[in-house]
Amino acid sequence: GAVVSQHPSWVICKSGTSVKIECRSLDFQATTMFWYRQFPKQSLMLMATSNEGSKATYEQGVEKDKFLINHASLTLSTLTVTSAHPEDSSFYICSAIPGTGVGNEQFFGPGTRLTVL
Amino acid sequence: AQSVTQPDIHITVSEGASLELRCNYSYGATPYLFWYVQSPGQGLQLLLKYFSGDTLVQGIKGFEAEFKRSQSSFNLRKPSVHWSDAAEYFCAVGGDTNAGKSTFGDGTTLTVKP
């Protein structure tokens with residue numbers, strides 16, 4: 001149990017276009033989801049906390065108009081990278097916390113590799 | 001503020017040898033501690049976690065970790081490493097006071113020599 005999926009697993013886009021990444025909890029309801037960014041050979045950097053039915057909470061330094069997050073249901077959160085540029089190229093990972101989870105254990109998706117040309 | 005330090009950026013061990021990956025944390029309350037493994041281009045897989053109780057925690061794939069409050073450490077161990085254990089390992093700390101957020105260390109890259 002506790003499976004999280006991401007779609008797409010990789011995407012290549014042109015500079016200036018927008019890209020949407022989906023994060024789904026497949027077998028549980030997630031009141032909270034997190035979005036991370038990971039650069040090569042580096043740790044995960046938390047971008048924002050996504051709560052169902054409310055606005056996302058962004059970490060300091062993360063542009064909320066650039067990275068739009070929508071937590072439309074208890075099983076789906078989306079991250080839209082607007083007007084993407086090459087510096088947005090990265091590995092994006094989401095995680096989800098079950099509504100009844102103990103100790104804030106997060107379940108991670110497999111990640112989405114974004115390459116902006 | 002919470003933080004995690006993984007002092008070893010890169011560790012190389014021979015297959016069959018024992019392994020210990022170090023993790024030190026800073027957290028103002030009772031910590032929840034996690035170890036994750038990440039293979040190249042993949043998401044994170046939970047190896048084990050500590051919330052409370054027995055300070056020696058058993059995880060998947062033969063890993064274990066010991067919580068030492070006095071040393072603020074949560075080191076990961078495995079008695080005999082397999083070539084398939086080569087990956088990136090992350091230690092993380094969280095707790096009840098931070099709305100589910102975890103803070104991750106910078107990771108340790110494990111290379112296994114044949």
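See the structure above.
Chemist: Which residues make up the side chain of Q6 of chain A, and what values go with them?
Modeler: All names here are of chain A. Here Q6 lies in strand β1 (residues 4–7). For Q6, a relative accessible area of 8% corresponds to the buried category. From its side chain, Q6 meets the backbone oxygen of Y92 in a polar contact 3.1 Å long. A polar side-chain atom of Q6 sits 3.0 Å from the main-chain amide nitrogen of C94. Ignoring anything within four residues of it in the chain, the contact list for Q6 reads I21, E22, C23, W35, Y92, I93, C94, G109, P110, G111 and T112.

Chemist: Break down the state of the cysteines for me, citing the residues and quoting the values.
Modeler: A full pass over the atoms with the stated rule returns two disulfides over all chains. Two residues share a disulfide in this structure: C23 of chain A and C94 of chain A, whose sulfurs sit 2.0 Å from each other. In this structure, the disulfide formed by C23 of chain A and C94 of chain A twists by about 80° around the S-S bond and is classed as right-handed. Highlighted residues: C23 of chain A in strand β3 (residues 19–25) and C94 of chain A in strand β9 (residues 90–98), separated in sequence by 71 residues. Per residue, the accessibility class of C23 of chain A equals that of C94 of chain A, and both read buried. With its sulfur 1.9 Å from that of its partner, C23 of chain B forms a disulfide with C91 of chain B. Residues C23 of chain B and C91 of chain B are joined by a disulfide whose S-S torsion is about -65°; by sign, that bridge is left-handed. Taken as a pair, C23 of chain B in the loop between β3 (19–21) and β4 (24–26) and C91 of chain B in strand β10 (residues 87–94) lie far apart in primary sequence, 68 residues in all. Comparing C23 of chain B with C91 of chain B shows no difference in burial state: the two are buried. Free of any disulfide, C13 of chain A has its nearest neighbouring cysteine sulfur in C94 of chain A, separated by 18 Å.

Chemist: Residue-level account of the pairing of β3 of chain A, with values.
Modeler: All names here are of chain A. Here β3 shows a buried face lined by V19, I21, C23 and S25 and an unburied face lined by K20, E22 and R24. With four bridges joining them, β1 and β3 adopt antiparallel strand pairing. Bridging from a neighbouring strand, H7 pairs with E22 of β3.

Chemist: Talk me through the nonpolar core; I want residue IDs and the actual numbers.
Modeler: Membership of the largest hydrophobic core comes to 27 residues, with the highest contact counts inside it found for L19, W35, L47, L48, F74, L76 and Y89 of chain B. Here this core takes four residues from β10 of chain B, the largest share from any one element. If we ignore the near neighbours within four places in the chain, the residues touching L47 of chain B are W35, Y36, V37, G59, I60, K61, F63, L76 and Y89 of chain B. Grouped together as the second largest cluster of nonpolar side chains are 24 residues, V11, C23, I69 and L79 of chain A included.

Chemist: Tell me about unusual backbone geometry, residues and numbers included.
Modeler: Residue P8 of chain A follows H7 of chain A across a cis peptide bond; omega there is 0°. Inspection of the secondary structure assignment puts P8 of chain A in the loop between β1 and β2 (10–13).

So, how was this worked out
- Residues numbered from 1 in each chain as written.
- Chains lettered and ligands numbered in written order.
- Predicted model: local features only at pLDDT ≥ 70, side-chain atom pairs only at ≥ 80, totals over all residues.
- Heavy atoms only, no water.
- Helix = DSSP H or I, 4+ residues; strand = E, 2+ residues; numbered from the N terminus.
- Buried < 20%, exposed > 50% of the residue type's maximum accessible area, 1.4 Å probe, protein only.
- Polar contact = N/O pair within 3.5 Å; in protein donor to acceptor, adjacent residues only side chain to side chain.
- Contact = heavy atoms within 4.5 Å.
- Disulfide = S-S within 2.5 Å.
- Pairing = 2+ DSSP bridges.
- Core = buried A, V, L, I, M, F, W, Y, C linked by side-chain atoms within 4.5 Å.

Geometric descriptors of this kind do not, in isolation, establish any biological role.
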